Amino acid sequence: MRQDYDALVLGSGIAGLSFALAAARRGARVAIATKMAVPEGSSRYAQGGVASVWSQDDSFDFHAADTTSAGAGLCHGEVVDLVVREGPDRIRELIDLGARFTLRDDASDAYDVDLGLEGGHSHRRIIHAVDATGSEMMRTLLEAVAATPGITVFEDAFAIDLLQSAKFGLPGPDRCLGAYVLREGGVEVLAAPATLLATGGAGKVYVYTSNPDVATGDGIAMAYRAGARIGNMEFIQFHPTCLYHPLAKSFLITEALRGEGAVLRRPDGYRFMPDYDERAELAPRDIVARAIDREMKSHGLDHVELDVSAIDKAFLFERFPNIVARCRELGIDPVRTPIPVVPAAHYSCGGVVTDASGRSSLSGLYAAGETAMTGLHGANRLASNSLLEALVFGRRAGLAAVEKQQKVTDLLIPEWNSGPACSTEEEILIKHTWDEIRQVMWNYVGIVRSNDRLARARARIELAQEEIGRDYWNFLPTRDLGELRNIATVAGLIVEAAASRLESRGLHFTRDYPATETACQHDTILVRDPFTGRPRLET
Ligand SMILES: Cc1cc2nc3c(=O)[nH]c(=O)nc-3n(C[C@H](O)[C@H](O)[C@H](O)COP(=O)(O)OP(=O)(O)OC[C@H]3O[C@@H](n4cnc5c(N)ncnc54)[C@H](O)[C@@H]3O)c2cc1C
């Protein structure tokens, strides 16, 4: 079955919804295909807030300088500038749409928002809705989408691959014509002259992640298979403390607890952070994550512990009610026992390379949000800049996508052909390979890397890719199989990008090249080699 639209959006997080609103308000007929229920994605779990210049004593130059300093020499100056300058307009728009951000005590209207301060920011500029900012932004955008004519939403719709004119032998330069989407047991053609990848991050490539289940890097993998440029995949941000418990897959334990006096210990009770940094538990996020990783690997531990006993009990309950409640649900009483924690993959700075309008290198294909590499974050993301980036680039891409369109309605697009494929009864093979990839990535391509670890990872990931490549077309498409194929692809891209960076910079740390080198101050751009089918560095 085929359906035609003016624009197709893959993903319903803040980036996808911002695109859909911008395009539909210009009169476009927009389809949103999203692989689970609409609100599911990282956006709804964002706690801290969204960064934007808002107070008189702050300035665009300050916000740009903080972003650039975090980015360790790889931020694109013009992109940083446009994002920080557009920030206040995007926030004002959200408030006008009805977003209820936390207000100052003396607020006279909805624009008098309370401004939080986060690590790396020189000024108060974190706009937040208590500690559930992402959820409030999603509520606001979803209500706006529901009230805007021309937007059709498909839930439980898993995009498998992009439609490409060259693959169908159509004349002219290659361009994206939409996507094959798995829905209600069949594969449909959703055709459009403009397609947005807004499929979020790729945290599920690692065993431990703060990301929800949907974060399997699908958009990055689809774009790579289609020949688009992929950038800076080595820069994965790890959060130091995620709850370690078999039933708590991705629950963050906020850094504010350490700010209030919680300390990190090995299970034998030894407090190790003072051995690593004079700021101990208050050292920056990457130093704490690296120290925990070192303790776990050198002592063969599967977690460390966060001891909150120094925090006043009443204050703990009042300030961190959600954390206390979640721990207690799982049988951990933080007042009596330390909280078991591990570092976790949190944010992918790399992705599909785009220009200032969200255009990828493949005509008709756009990317925004965590799927994209716009040049804003460089080698490390400044806290709360990702929601801002999703808002700014989602809208920019939505406006650009409907500007001038080449029709696709008259093009013959083949239906999905499964050939003699049968349904897979070997779910265990998918699960095993999935677990294997995530474990390899955690052990060898995590917080601390080395040539040897990367070589081992490459060998194992390539083997997994070969197996998946062999099996993929023998089975009817399922979401599990598609996600497995995608995490294997993204894992391979992270390994190649990390192996090609012969220095340590920002979020990429390797024992073999611990220094930052001026000669390496450039993005890592990978493309699919059409002859070998493997990633190669763009020269
Ligand atoms: C716990 C947590 C806390 C965070 N806190 C903050 C914060 O305070 N401030 C901040 O700036 N950032 C924060 N971040 C990061 C930020 O939330 C994300 O980077 C941002 O929300 C990404 O938005 P997005 O629209 O790109 O993707 P998402 O919101 O992740 O949405 C992705 C969408 O794509 C869909 N999808 C995926 N694959 C497919 C497919 N194959 N087919 C169809 N649909 C698909 C998903 O179902 C989902 O709808 C946090 C992240 C996490 C996980």
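The rules behind each value
- The residue count restarts for each chain, going from 1 along the sequence in the order it is written.
- With the structure being a predicted model, the display of local features is reserved for residues of pLDDT at least 70 and the display and counting of side-chain atom pairs for 80 or more, all residues being used for whole-chain, interface and lining totals.
- The side-chain figures draw on all heavy atoms in the structure; neither hydrogens nor water molecules are used.
- Ring pairs are drawn from Phe, Tyr and Trp, using the six-membered ring of Trp, whenever the two centres fall within 6.5 Å, and their geometry is named by plane angle: stacked under 30 degrees, edge-to-face over 60, tilted for the rest.
- Secondary structure counts use DSSP, requiring at least four H or I residues in a row for a helix and at least two E residues in a row for a strand, with both numbered from the N terminus.
- Residue burial is assigned from relative accessible area. The probe radius is 1.4 Å, only protein chains are included, and a residue is buried under 20% of its type maximum, exposed over 50%, and partly exposed in between.
- Here, a charge over a ring means that NZ of Lys or CZ of Arg falls within 6 Å of the ring centre while also lying within 35 degrees of the ring normal.
- Paired strands are those between which DSSP finds at least two bridges.
- Angles here are taken between N-to-C directions and fall from 0 to 180 degrees, while the axes themselves are lines fitted to C-alpha atoms, restricted in helices to the stretch in contact.
- Note on definitions: a residue-residue contact is assigned when non-hydrogen atoms from the two residues lie within 4.5 Å.
- Whenever two N or O atoms come within 3.5 Å, that pair is a polar contact, provided that in protein one can donate a hydrogen and the other can accept it, and provided that, for residues adjacent in sequence, both atoms are side-chain atoms.
- A pocket here means an open set of points on a 1 Å grid, computed over the protein atoms alone, that has protein on both sides within 12 Å along at least five of seven lines. A cavity is instead a set of points where a 1.4 Å probe fits but cannot get out; residues with an atom within 4 Å of a point line either one.
- Grid points are joined across faces, edges and corners, and a volume is the space filled by probe spheres set on the points.
- The labels follow the angle: roughly parallel below 35 degrees, roughly antiparallel above 145, roughly perpendicular from 65 to 115, and oblique for the rest.
- A crossing counts as left-handed when the near helix is turned anticlockwise from the far one by less than a right angle, and as right-handed when that turn is clockwise.
- Any residue with a heavy atom lying within 4 Å of a molecule or strand is counted as near it.
- The accessible surface values rely on the Shrake-Rupley method and a 1.4 Å probe; as for residues, cover is taken only from the protein chains in view.
- Classes in brief: Ala, Val, Leu, Ile, Met, Phe, Trp, Tyr, Cys and Pro nonpolar; Asp, Glu, Lys and Arg charged; the others, Gly included, polar.
- The nonpolar core is taken to be a set of buried Ala, Val, Leu, Ile, Met, Phe, Trp, Tyr and Cys residues, with the residues joined through side-chain atoms within 4.5 Å.
- Salt bridge criterion: a side-chain nitrogen from Lys or Arg within 4 Å of a carboxyl oxygen from Asp or Glu.

Participant: Kindly report on the packing of aromatic side chains, identifying the contributing residues and their values.
Facilitator: Applying the stated criterion to the full structure yields 10 aromatic pairs. With 6.4 Å between their ring centres and 80 degrees between their planes, Tyr-5 and Phe-154 make a pair best called edge-to-face. Placement of Tyr-5 in the loop between β1 (2-4) and β2 (7-10) and of Phe-154 in strand β7 (residues 151-154) is noted, with a sequence separation of 149 residues between them. Like Tyr-5, the residue Phe-154 is buried in the burial classification. One residue, Arg-290, lies across the ring of Phe-509, its end atom 4.5 Å from the ring centre. It is Arg-485 that lies over the ring of Tyr-472; its NZ or CZ is 4.0 Å from the centre.

Participant: Mind laying out the sheet that holds strand β10 (residues 186-191), listing which residues take part and the relevant values?
Facilitator: Read from one edge to the other, the open sheet built from four strands follows the order β1-β10-β9-β8, with strand pairing classed as mixed. A single partner strand is all that each edge strand has here, and the edge strands are β1 and β8 (158-164). Averaged over neighbouring strand pairs, the angle between their axes works out to 25 degrees when direction is ignored. Bridge count for strand β9 (residues 176-183) against β10 is six bridges, and the pairing is antiparallel. The residue of β10 that forms the bridge with Ala-179 is Leu-190. Against the sheet, helix α13 (residues 479-500) makes contact with β8 and β9, and its axis sits at roughly 65 degrees relative to β8, the strand it touches most.

Participant: Report on the side chain of Lys-204, specifying residues and quantitative values.
Facilitator: Secondary-structure assignment places Lys-204 in the loop between β11 (194-197) and α5 (218-225). Within polar-contact distance, the side chain of Lys-204 engages the side chain of Asp-213 at 3.0 Å. Once residues lying within four places of it in the same chain are set aside, the contact partners of Lys-204 are Thr-209, Asn-211, Pro-212, Asp-213, Ala-215, Thr-216, Lys-249, Arg-438 and Ile-487.

Participant: I'd like to hear about empty space enclosed by the protein, residue by residue, with values.
Facilitator: All chains considered together, the criterion is met by three cavities of 30 Å³ or more. Counted as a void, the largest cavity has a volume near 50 Å³. Lining the largest cavity, in full, are Ala-202, Gly-203, Tyr-206, Asn-211, Ile-236, Ala-345, His-346, Tyr-347, Ser-348 and Glu-370. The leading source of residues in the lining of the largest cavity is strand β16 (residues 339-348), at four residues.

Participant: Hey, could you go over the pairing of strand β13 (residues 236-243) for me, with residue numbers and the actual values?
Facilitator: Burial runs high along β13: eight of the eight residues are buried. In the sheet, β13 pairs with β16 via six bridges, with the strands oriented antiparallel. Across the sheet, the residue bridging to Leu-243 is Val-341, located in β16.

Participant: Can you tell me about the pairing of strand β20 (residues 525-528), naming the residues and giving the values?
Facilitator: Two elements, strand β12 (residues 230-231) and β20, share two bridges in a ladder whose sense is antiparallel. Following the sheet pairing, Gly-231 is matched in β20 by Ile-525. Judged from the three bridges that link them, β20 and strand β21 (residues 535-537) form a sheet pairing that is antiparallel. Bridged to Val-527 within β21 is Arg-536. A loop of six residues connects β20 with β21, the two strands running antiparallel in sequence, and Gly-533 in this loop sits at a positive phi of about 75 degrees.

Participant: I'd love a proper account of the environment of Thr-354, names of residues and values included.
Facilitator: Counting through the fold element by element, Thr-354 comes out in the loop between β17 (351-353) and β18 (365-367). For Thr-354, a relative accessible area of 9% corresponds to the buried category. Residues contacting Thr-354, with those up to four places away along its chain left out, are Arg-359, Ala-367, Ala-372, Met-373 and Thr-374.

Participant: So, the packing of helix α11 (residues 427-444) against α13: which residues are in play, and what are the values?
Facilitator: The interhelical angle for the contact between α11 and α13, taken along N-to-C directions, is 20 degrees, at an axis separation of 10 Å. When the axis of α11 is compared with that of α13, the two are roughly parallel. Both α11 and α13 take part in a crossing whose hand is left-handed. From α11, Glu-427, Ile-430, Thr-433, Trp-434, Ile-437, Arg-438 and Met-441 reach across to α13, where they touch Asp-480, Leu-481, Glu-483, Leu-484, Ile-487, Ala-488, Ala-491, Ile-494 and Val-495.

Participant: Give me the lowdown on the site of the ligand, citing residues and values where you can.
Facilitator: Close contacts around the ligand come from 37 residues, with Ser-43, Gly-49, Asp-218, Glu-370 and Ser-386 the closest. Within the backbone of Ala-15, one N or O atom sits 3.0 Å away from an oxygen atom of the ligand. Ala-198 is positioned such that a nitrogen or oxygen atom in its backbone is 3.3 Å from an oxygen atom of the ligand. The protein chains hide 97% of the 1,000 Å² of surface that the ligand would expose on its own. Those elements that place two or more of their residues in the shell around the ligand are α1 (14-25), β8, β16 and α10 (385-401). The leading source of residues in the shell around the ligand is α10, at three residues. Counted by class, the shell around the ligand contains 13 nonpolar, 19 polar and five charged residues.

Participant: Before we move on, can you summarise the nonpolar core with the specific residues and values?
Facilitator: Residues Tyr-206, Leu-257, Ile-437 and Met-441 are the most contacted members of the largest nonpolar core, which totals 111 residues. Take this core: its biggest share by element is 11 residues, from α13.

Participant: Outline the pattern of salt bridges, listing residues and values.
Facilitator: With the rule as written, the count across this model stands at 44 salt bridges. Among the salt bridges present, the one from Glu-281 reaches Arg-271, with a minimum N-O distance of 2.6 Å. One end of the pair, Glu-281, is in the loop between β14 (263-265) and α7 (285-299); the other, Arg-271, is in the loop between β14 and α7, and 10 residues separate them in sequence. For Glu-281, a relative accessible area of 4% gives the class buried. The residue Asp-355 makes a salt bridge to Arg-359 at a minimum N-O spacing of 3.3 Å. Looking at Asp-355, the relative accessible area reads 34%, which means it is partly exposed.

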